[in-house]
Amino acid sequence: MGQTARTTKLLLDLCARDQGGTNAGKRAYLEETVKILDAARQFYLAFFLAHPDKLLERVEVISRKTGEVREGVISADNLLTWAEFQTVETREHPDPLSEWNFSQAFPDFPNRYRRSVIKDCIGKARGYLTTLLTWQSSGKKKGKPGVPTASNHPTLYTGTFTLELDTLDLRKSFVRLKVYTGSAWVWVHYPTRYNRYFEQRRSEEGWETESPRLVLLKHSAAIHFLQSKTITAKKIVESKHDPDLVTVAVDLNIKQLAVITVRQHGKVIETRFVSDQGLDQARFQHLGRIAKKQWQTGRAVKGERSNQQLWAHIRRQNLDTAHKTARAIVEVCEKYPGCVLLFERLRKITPKGGGKSRRLNRKQANQLKGKINQLAKEKAYRVAVVSVEVNPHGTSQYCSRCGARGERFSQLGATRITGRGGKLFQCGDPQCNYIVHADFNASVNVHHSFYQEMHWQPRLTRTG
């Protein structure tokens, strides 16, 4: 049993008012709100770092499930109560610490926003102090952790926003936010770009909605609704003892981004190839333009970034492709409830040889593999599918049918070209002489690696 989380975005309509959006003043209110919340966060971050002993204080903790009493670090809720007692003027406590009087520094500050700021600063300060203590105990002279910054996306607790979508027309939906105008806190309505996708995600059963965040970017704004779900799935050790276990193996590559094979009862029952749809070639052309521009402009200026638009375009392409490929992998897993998703254990690969654009392209391709691996695991876990990484040794070198060592090659007309990047695989055993797609062979070998089947043992055969 475990927890999984996801984010559902609701975009605010900040286009021109004559186009149905909000006005420029409302955008300015959001900017002022973010600015004052960052200032409040800076106040409490300095306050907690000035009292490090309190953050790491050990107290008795009572377990809610078992009632057991043990020693642990003081909880965030108790720290919040203590921080408000020390910094906020109330009728019961009119004299907070003079050098840390939050009520004087930020008059009329909403208590819900204040508590979200305090909770955020507790996490930042405690994480920094823990990392700092680890660094100090290591005896290293370099790599000292830096003090965390106060900037962050505001968390919207209940009482700082209102969203009544059940009673509103989808075309006229608004969100009501408590914002700072520069002189006062007021409630303001913001039109949203509400859609069916958001409604589907919001109303999906099993997901609990937590406090959302206001994400304000240079040209857009959105409310990110955090959702969590409890997942119940078998552990890998338990699943291995199941004779009907289905394993889904994925071999990640360059052109064929993912080769997916499904095995049950010793046979491959389904195969799916996910192509890059020309992404590798398009990315290579973009990187060629970047390399040419860098050569033309000469040595880069320190602190400046070049070709930002091209790099942003490449990142968007990679991320979009990673999401689509991960979705394709999970679609296969959803057909077999209780299956186990298998990946090769990725390792750092340094691109060598070729021009600058080629090396950059190989580096981007390797990063894309890692992103697909990460997203597929996250998406699979949301549908109660656990994943595991297996030893990649020999998956591309040995025959998946008989276990003999073979070679990769490509067929160009009547010419046979052998090499590491060959598209086909041929078994080296003359009795077997198995010829198959090289990536399919590697994907099937991932199953063998999971079950720890030795290379000289009989291999499974493909059905169909």
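Positions within a chain are numbered from 1, following the residues in the order the chain's sequence is written. Selection of residues for local features in this predicted model requires a pLDDT of at least 70, selection of side-chain atom pairs for listing and counting requires 80 or more, and totals for whole chains, interfaces and linings are taken over all residues. The side-chain numbers reported here are obtained from all heavy atoms of the structure, hydrogens and water having been left aside.

Go over the packing of helix α8 (residues 279-297) against helix α9 (residues 308-334) with me, naming the residues and quoting the values.
Axis separation between α8 and α9 bottoms out at 10 Å; the angle between their running directions is 160°. Taken together, the axes of α8 and α9 are roughly antiparallel relative to one another. The two elements α8 and α9 meet at a crossing, and its hand is left-handed. Contact with α8, carried on its side by Leu279, Arg283, His286, Leu287, Arg289, Ile290 and Lys293, involves Leu310, Trp311, His313, Ile314, Gln317, Asn318 and Thr321 of α9 and no other residues of that element. Fitted lines through C-alpha atoms give the axes, limited to the stretch in contact for helices. The angle between two N-to-C directions lies from 0 to 180 degrees. By the criteria applied, helices consist of DSSP H or I runs no shorter than four residues and strands consist of E runs no shorter than two, each listed in order from the N terminus. Working definition: roughly parallel below 35 degrees, roughly antiparallel above 145 degrees, roughly perpendicular at 65 to 115 degrees, and oblique for all remaining angles. Left-handed describes a crossing whose near helix is turned anticlockwise from the far helix by less than a right angle; the clockwise case is right-handed. The contact criterion used throughout is that any non-hydrogen atoms of two residues lie within 4.5 Å.

Kindly report on the confidence of the model for the protein, identifying the contributing residues and their values.
The predictor attaches a confidence to each residue, and that confidence, scored 0 to 100, is pLDDT. In the predicted model, the protein carries a mean pLDDT of 87, and 92% of its residues have values of at least 70. Ignoring residues within four places in sequence, the model shows residues 455-464, a span with pLDDT below 50, making 32 contacts including any to other chains.

Summarise unusual backbone geometry; cite the residues concerned and give the values.
Note on backbone geometry: most residues besides glycine have negative phi, and most peptide bonds are trans. Unlike most non-glycine residues, Asp108 shows phi in positive territory, near 60°. Relative to the assigned elements, Asp108 resides in the loop between α4 (102-105) and α5 (111-138). The phi angle at His265 is positive, at roughly 55°, despite the residue not being glycine. When you line up the elements, His265 lands in the loop between β11 (256-264) and β12 (267-275). Since its relative accessible area comes to 54%, His265 is described here as exposed. Using a 1.4 Å probe on the protein chains alone, a residue whose accessible area is under 20% of its type maximum counts as buried, one over 50% counts as exposed, and one in between counts as partly exposed.

Could you give an account of the sheet that holds β11, with specific residues and numbers?
Pairing between two strands requires that DSSP report at least two bridges joining them. As summarised here, the arrangement of the five strands in space is β12-β11-β10-β13-β14, forming an open sheet in which the pairing is mixed. Strands at the two margins of the open sheet, each flanked by one partner only, are β12 and β14 (386-390). This sheet shows a mean twist of 20° between the axes of neighbouring strands, independent of strand direction. Lying on the sheet, α9 is in contact with β10 (247-252), β11, β12 and β13 (340-344); it crosses β11 at an angle near 10°.

Please give an account of the pairing of strand β5 (residues 174-180) that cites residues and values.
Judged from the two bridges that link them, strand β4 (residues 161-162) and β5 form a sheet pairing that is antiparallel. Opposite Phe161, over in β5, you have Leu177 as the bridge partner. Of the strand pairs in this sheet, β5 and strand β6 (residues 185-191) are connected by seven bridges, and their pairing is antiparallel. If you follow Val175 over to β6, its bridge partner there is Tyr190. Joining the antiparallel neighbours β5 and β6 is a turn of four residues, in which Gly182 adopts a positive phi near 110°.

Can you explain the packing of aromatic side chains? Please cite residues and give values.
Centre distance within 6.5 Å is the pairing criterion for rings of Phe, Tyr and Trp, where only the six-membered ring of Trp is used; planes under 30 degrees apart are then read as stacked, over 60 as edge-to-face, and the remainder as tilted. Inspection of the entire model under this criterion finds 20 aromatic pairs. Measuring from ring centre to ring centre gives 5.7 Å for Phe43 and Trp100, while their planes differ by 80°; the resulting arrangement is edge-to-face. With Phe43 in helix α1 (residues 24-49) and Trp100 in the loop between α3 (76-87) and α4, the pair connects residues that are 57 residues apart, well separated along the chain. The same class applies to Phe43 as to Trp100, namely buried. Here Phe102 and Phe106 contribute two aromatic rings whose centre-to-centre distance is 4.8 Å and whose plane-to-plane angle is 25°, an arrangement assigned as stacked. Since its relative accessible area comes to 13%, Phe106 is described here as buried. What links up through ring pairs into an aromatic cluster is the set Phe43, Tyr44, Phe47, Phe48, Trp82, Trp100, Phe102, Phe106, Phe109, Tyr113, Tyr180 and Trp185. Of note, Lys240 hangs over the ring of Phe450, and the distance from its end group to the ring centre comes to 4.7 Å. Placement of a charge over a ring requires the Lys NZ or Arg CZ to be within 6 Å of the ring centre, with the centre-to-atom vector within 35 degrees of the ring normal.

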